[in-house]
Each structure stands twice: as C-alpha cells, then as structure tokens.
Amino acid sequence: LATKAPRGSAVSVRVRADDVSLTEMPEHQSSIMNTIPVTVRGQSILDETPFSLIELDAFGTTLFARITNDASRKLNLRVGAECHAQIKAAAITAYS
C-alpha cells in the first residue's frame, strides 16, 4: 500500500463492498492476490436490485461484500458459512 506512514506503523484501511468477491476455496490462478478466510455474519438483500450485501468476519474485523443474489445462492451463503474474500490490492485505500 502506498502511504506516507512509517513502515510498521498502524494504518486504517478502507475496502468498498463492491471491491470484494467471494469464493468457496482460495483461488491460486487469479490476478487477485489478497485472499482472506472469512465467516458470514449476515446477509441483506438490497431492495429492488439483484444484489445482496454480505457482512463478513475477517479475523475479528468486519468486511462487506456486495454480490449478486444468484452468486449468494450458488455459494450457499448463510450465517456461519465459511468462505474466502478476495480483494484487489488497487482497491485498498490506506490512511495513517
């Protein structure tokens, strides 16, 4: 991450839900190199859209993914389900 914070210092990061994809297993043949094991905490179907907002637990940190309802069904997502979040490095914004 490009930030002016000294190496090793604490930073805050922002990841938009639109920049998170979900997969059952870590994908090794992908340009997305940041893969985090997560547990589904909740799911909200976004009114009048084909999308769901998935609330995830990533090692105690909350992360959200905005995916299609069809993808949610195919992944069989439910509270307590384990999967992997994929985040493109270019989508991560760091703040010191």
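Residues numbered from 1 in each chain as written. Predicted model: local features only at pLDDT ≥ 70, side-chain atom pairs only at ≥ 80, totals over all residues. Heavy atoms only, no water.

Caption draft 1: Focus on unusual backbone geometry. A positive phi angle, close to 55°, is found at E48, a residue other than glycine. Along the chain, E48 falls in the loop between strand 3 (34-45) and strand 4 (51-58). Phi at F59 is positive, roughly 55°, even though this residue is not glycine. Structurally, F59 is set in the loop between strand 4 and strand 5 (61-68). When its relative accessible area of 70% is taken as the criterion, F59 is described as exposed. (Helix = DSSP H or I, 4+ residues; strand = E, 2+ residues; numbered from the N terminus. Buried < 20%, exposed > 50% of the residue type's maximum accessible area, 1.4 Å probe, protein only.)

Caption draft 2: View of the pairing of strand 6 (residues 82-87). Here strand 6 lies mainly inside the structure; 5 of its 6 residues are buried. Across 4 bridges, strand 2 (residues 20-23) lies against strand 6 in antiparallel orientation. For T23, the partnering residue across the bridge sits in strand 6 and is H84. With 6 bridges connecting them, strand 3 and strand 6 associate as antiparallel partners. For T39, the partnering residue across the bridge sits in strand 6 and is E82. (Pairing = 2+ DSSP bridges.)

Caption draft 3: A look at the environment of G80. Summarising the element assignment, G80 is placed in the loop between helix 1 (69-74) and strand 6. Looking at G80, the relative accessible area reads 46%, which means it is partly exposed. C-alpha of G80 to C-alpha of D57: the two residues are 23 residues apart in sequence and 9.5 Å apart in space. Setting aside residues no more than four positions away along its own chain, G80 makes contact with T39 and V40. (Contact = heavy atoms within 4.5 Å.)

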